[in-house]
Each structure stands twice: as structure tokens, then as C-alpha cells.
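# Coordinate inspection notes
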Amino acid sequence: MAYSSTVPVAGEPAGGGGGTGLLDDPTDEVAAGAPKPERAGLKLLGAVPFLVYALLFLGVPTVALVIGAFQTPTGGHFTWHNLHIATTGVYRHGLWISIKLSLIAAILPAIAGLVLAYAVHTAPRGNALRRVVTTASGVFANFGGVPLAFIFIATIGNTGLATGWLSDIGINLTDDFGFDLFGFSGVTIAYFYFQVPLMVLVITPALEGLKPAWREAADNLGASSWSYWRLVGGPVLFPSFLGAVLLLFGSSFSAYATAEALTAGSIPLTSIQIGSFLNGNVISGQENVGKALGLSMIVVITILMVFYTLLQKRSSKWLR
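This section reports on the structure supplied with the text. (Residues numbered from 1 in each chain as written. Predicted model: local features only at pLDDT ≥ 70, side-chain atom pairs only at ≥ 80, totals over all residues. Heavy atoms only, no water.)

### Considerations on the packing of aromatic side chains
Across all of its chains, the model carries 12 aromatic pairs by this definition. Seen from their ring centres, F140 and Y193 are 5.4 Å apart, and the 50° between their planes marks the pair as tilted. Taken together, the positions of F140 in helix α6 (residues 128–140) and Y193 in helix α10 (residues 184–208) put the pair 53 residues apart, joining distant regions of the chain. Taking relative accessible area as the criterion, F140 reaches 34% and is therefore assigned partly exposed. Taking the relative accessible area as the measure of exposure, Y193 reaches 25% and is therefore partly exposed. With centroids separated by 5.2 Å and ring planes inclined at 70°, the aromatic side chains of Y228 and W229 adopt a geometry described as edge-to-face. By relative accessible area, which is 26% here, W229 ends up partly exposed. Here a set of aromatic residues connected by ring pairs shows up, and it is made of F140, F143, F152 and Y193. Sitting over the ring of F184, K100 keeps its end group 5.3 Å from the ring centre. (Phe/Tyr/Trp six-rings, centres within 6.5 Å; stacked < 30°, edge-to-face > 60°. Helix = DSSP H or I, 4+ residues; strand = E, 2+ residues; numbered from the N terminus. Buried < 20%, exposed > 50% of the residue type's maximum accessible area, 1.4 Å probe, protein only. Lys NZ or Arg CZ within 6 Å of the ring centre and 35° of its normal.)

Okay, structure coming up:
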């Protein structure tokens with residue numbers, strides 16, 4: 001006897017009229033939920049302008065830079081000389097100063113931004129503080145370069161407004177605190193201006209991903225706030241926090257205009273050294289050293305992005 005390959009649904013008449021009352025092949029349900037080929041083709045077509053833009057303004061310059069980093073400036077022959085110069089002497093010192101500055105301008109703003117973002121997160125929705133901080137963060141995180149340097153010079157420079165006020169009450173930032181706006185400490189403080197708001201924007205979605213049910217369950221079990229953050233909230237939030245720190249590090253590491261405008265190149269940052277090559281301040285025979293310096297920055301940023309992607313995957317597993 002031949003049996004039907006379909007199973008009647010309970011309470012429905014068994015029959016073959018158009019599949020009514022029967023469970024169709026599971027592959028039909030999958031196919032019904034799958035995107036249509038023409039719709040997928042339209043999505044791919046919509047991404048073409050972005051792909052062309054990325055290829056022309058990111059892919060081609062990167063390939064040209066990598067090739068130039070291993071070429072002699074005249075004959076175009078393969079050489080390791082450019083990388084050797086870029087990783088020794090003043091250029092190695094510049095890379096170390098860039099990493100040191102980026103670490104300070106990433107870790108401290110990350111902590112401050114996390115505290116501020118948590119304060120905003122715990123505020124009631126629709127609260128004026130929440131709206132103001134969120135809006136201001138979006139503006140300040142994208143404010144930098146020469147205008148930012150001018151603001152700091154006009155405020156806490158040698159003849160700045162705040163400097164004059166402090167001087168009237170007997171406080172001198174340079175003599176009393178060793179602060180120099182046009183040195184390492186000044187650039188670090190200037191970076192805080194856009195790093196803290198950027199941290200607020202990056203970490204807020206992770207804070208909103210912490211489910212209230214987790215906190216309620218911890219409270220019902222008698223856990224203290226410290227126990228909740230140490231055993232539940234902290235471990236879940238930590239990958240997102242580390243990813244945000246890496247993002248801030250990359251932002252500081254690649255920044256150029258603010259440091260150049262404040263210091264006029266007196267701090268040997270790698271980005272400023274590359275700018276010096278672009279301005280024509282090149283020793284004969286070292287024309288491609290600037291490309292080798294650019295390659296070193298690309299390597300550092302690539303490593304950061306790999307770790308950032310891994311951390312984002314780990315945090316998204318808990319914050320879905």
C-alpha cells in the first residue's frame with residue numbers, strides 16, 4: 001500500500017486539494033522566507049556606488065602606498081631601505097610617542113565616557129539631560145582639526161580667556177601644574193574634547209543592551225550592586241568597552257590637524273611626520289619613507305580593527 005508523504009493537520013480534513021490542511025514540504029517554507037533573487041540583485045546594485053567609492057579613494061591609494069613603501073624613489077626597484085628608516089631613529093620615536101598619546105587619549109576618555117553614558121542611560125527617557133548629552137555628543141565627536149585647536153588657544157593659551165581668569169586669582173597652569181597647551185599634555189587634553197563624546201556614542205548601545213531582567217533576577221537572589229556588576233553586567237559589557245577603547249585608540253592614532261595646529265610639528269607624531277613628507281620636507285633618497293610610515297600606521301590600524309571585530313562578535317552574542 002502506498003502512503004502519502006504528507007501528514008494531515010489535526011482538526012483539518014485530509015485531502016490533496018491545493019495542499020489545504022496539509023503540512024507542505026519544509027523546503028517550501030524556507031523558500032518562502034528567502035529573499036527573491038531580483039530583490040537581492042537590487043540590493044547588490046545599490047551597493048555599487050559605495051564599492052566604487054571605496055575602491056577609488058581607499059583601495060587604490062592603499063595599494064599604491066604599499067607598493068611605494070618597498071620601492072626606491074628613482075628606479076622603482078624593490079628595497080627594504082624605506083621600512084628600515086621608518087622603524088629607526090626619530091621615526092621609531094615618533095611611532096612610540098603616537099602610541100603613548102593614543103593610549104592615554106583612549107583609556108582615560110573611555111572611562112570618563114562610560115561614566116557619563118551610564119548616567120545618561122539611567123536617566124528617565126525624555127529627560128532633558130539625556131537629550132542634551134546625546135545631541136551634544138553627536139556634535140562634539142565630529143568637531144576637531146584647526147577649529148578645535150583655535151578654541152583651546154583662545155581659552156587656555158598663553159593669553160587665553162580662562163588663563164587670564166586663573167592668573168587673576170594666582171593660578172598659573174604652566175608653573176603650578178606643568179601644563180603646556182603646545183606640548184604633549186596640551187594635545188592630550190584637546191583630544192579629550194572629541195574622544196569622550198565619541199565614547200558616549202559608542203558605549204550607549206551596549207548599555208542599552210543590558211537586559212533589565214538580569215538586574216531584577218540578581219536583586220531577587222539577594223545580589224548587591226557590586227555583585228551584579230562583577231558577575232553579570234561587567235563581564236557582558238567588558239568586550240564592548242574594550243572594543244570602544246580600541247576605536248578611540250585608532251581615532252587618536254590617526255588624528256593629524258589638531259596636533260599639527262597646536263604644536264606646529266614640535267611633537268614627533270607619526271601623522272605629523274607623514275604630513276611633513278607631503279609638504280615636501282624630504283631628504284634626498286628618502287622620498288618613499290613617508291609611504292613606509294603610512295604603511296606602519298595601516299598595519300597598526302588593521303590589527304586594531306581585527307581585535308575590534310572579534311570583540312564586537314563576542315559582545316553581540318550577549319547583547320542581542
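### Some thoughts on the packing of helix α5 (residues 89–122) against α6
Contact geometry for α5 and α6: axes closest at 8 Å, N-to-C directions at 140°. Taken together, the axes of α5 and α6 lie oblique to each other. The way α5 lies across α6 gives a crossing that is left-handed. On α6, the residues touching L116, V120 and H121 of α5 are R130, V133 and T134. Of the residues contributing to the contact of α5 with α6, the split by class is three nonpolar, two polar and one charged. (Axes fitted to C-alpha atoms, helices over the stretch in contact; angles between N-to-C directions. Parallel < 35°, antiparallel > 145°, perpendicular 65-115°, else oblique. Left-handed = near helix turned anticlockwise from the far one by under 90°. Contact = heavy atoms within 4.5 Å. Nonpolar A, V, L, I, M, F, W, Y, C, P; charged D, E, K, R; others polar.)

### Details of a nonpolar patch on the surface
On the surface, L42, L45, V48, F50, L51, V52, Y53, L55, L56, F57 and V60 cluster together to form a nonpolar patch covering roughly 1200 Å² of accessible area. Counting residues per element, the ones that place at least two in the nonpolar patch are α2 (37–46) and α3 (48–69). Broken down by element, the residue count for the nonpolar patch peaks at nine residues, all from α3. Along the polypeptide, L42 turns up in helix α2. We classify L42 as exposed; its relative accessible area is 59%. (Patch = residues over 30% accessible without salt bridge, like charges linked within 9 Å, V, L, I, M, F, W, Y side chains within 5 Å. Areas by Shrake-Rupley, 256 points an atom, 1.4 Å probe, with all protein chains shown as cover. Salt bridge = Lys/Arg side-chain N within 4 Å of Asp/Glu carboxyl O.)

### A word on the pattern of salt bridges
It is possible for side chains bearing opposite charge to pair when their charged atoms get close. This model, assessed by the stated rule, comprises two salt bridges. Close ionic contact of E208 with R130 constitutes a salt bridge, the shortest N to O distance being 3.5 Å. Taken together, the residues E208 in helix α10 and R130 in helix α6 connect sequence positions 78 residues apart. Between R215 and D219 there is a salt bridge, and its shortest N-O distance comes to 3.7 Å. Of this pair, R215 and D219 both sit in helix α11 (residues 212–220), four residues apart, which is roughly one turn of the helix. Judged by its relative accessible area of 24%, R215 is partly exposed.

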